[in-house]
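If you want the building blocks of each chain, they are given just below.
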Amino acid sequence: MWKKILLGILALLLLAGGAFVYWIGGPSMVIGMIRYDQREEGRLRVGDRAPDVPLLSLDGKNQLQLSSFIGPKPLVLVFGSFT
């Protein structure tokens, strides 16, 4: 009797895991998330200066430094997709 209950619970867990993998985009997405997810806690706080990083121009040919755009007016960087 207990073996059947444990087998049923295991089957439900496997089914739920499979449904979750399907929901997030399939096995390749799971492998990609595990392989490439290297998030870490940031060190910047509100009010800190932005790090001086190289930026690639829209044409993809020129590299500019972020510090070259800092001046008397506020600098706003927008990361995202607007469609």
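Residues numbered from 1 in each chain as written. Predicted model: local features only at pLDDT ≥ 70, side-chain atom pairs only at ≥ 80, totals over all residues. Heavy atoms only, no water.

(A) Examining the overall build of the protein more closely. Counting its regular elements, the protein contains 2 helices and 2 strands. Each helix (α) and strand (β) of the protein, taken in turn from the N terminus, gives the series α-α-β-β. When the backbone C-alpha atoms are referred to their principal axes, the protein occupies close to 75 × 30 × 25 Å. Within the span of the protein, comprising 83 residues, buried residues form 5% of the whole. (Helix = DSSP H or I, 4+ residues; strand = E, 2+ residues; numbered from the N terminus. Buried < 20%, exposed > 50% of the residue type's maximum accessible area, 1.4 Å probe, protein only.)

(B) Local environment of a nonpolar patch on the surface. Nonpolar side chains collect at one region of the surface, where Met1, Trp2, Ile5, Leu6, Ile9 and Leu13 lie side by side and expose about 760 Å² of accessible area between them. Relative to the helices and strands, Ile9 resides in helix α1 (residues 2–24). Ile9 gets classed as partly exposed once you look at its relative accessible area, which sits at 45%. (Patch = residues over 30% accessible without salt bridge, like charges linked within 9 Å, V, L, I, M, F, W, Y side chains within 5 Å. Areas by Shrake-Rupley, 256 points an atom, 1.4 Å probe, with all protein chains shown as cover. Salt bridge = Lys/Arg side-chain N within 4 Å of Asp/Glu carboxyl O.)

(C) Region of the structure containing the side chain of Ser57. Note on placement: Ser57 falls in the loop between β1 (54–56) and β2 (63–65). Assessed through its relative accessible area of 18%, Ser57 is described here as buried. Side-chain polar atoms of Ser57 contact the side chain of Asp59, separated by 2.3 Å. (Polar contact = N/O pair within 3.5 Å; in protein donor to acceptor, adjacent residues only side chain to side chain.)

Honestly, that's just the spatial picture; any functional story needs more than this.
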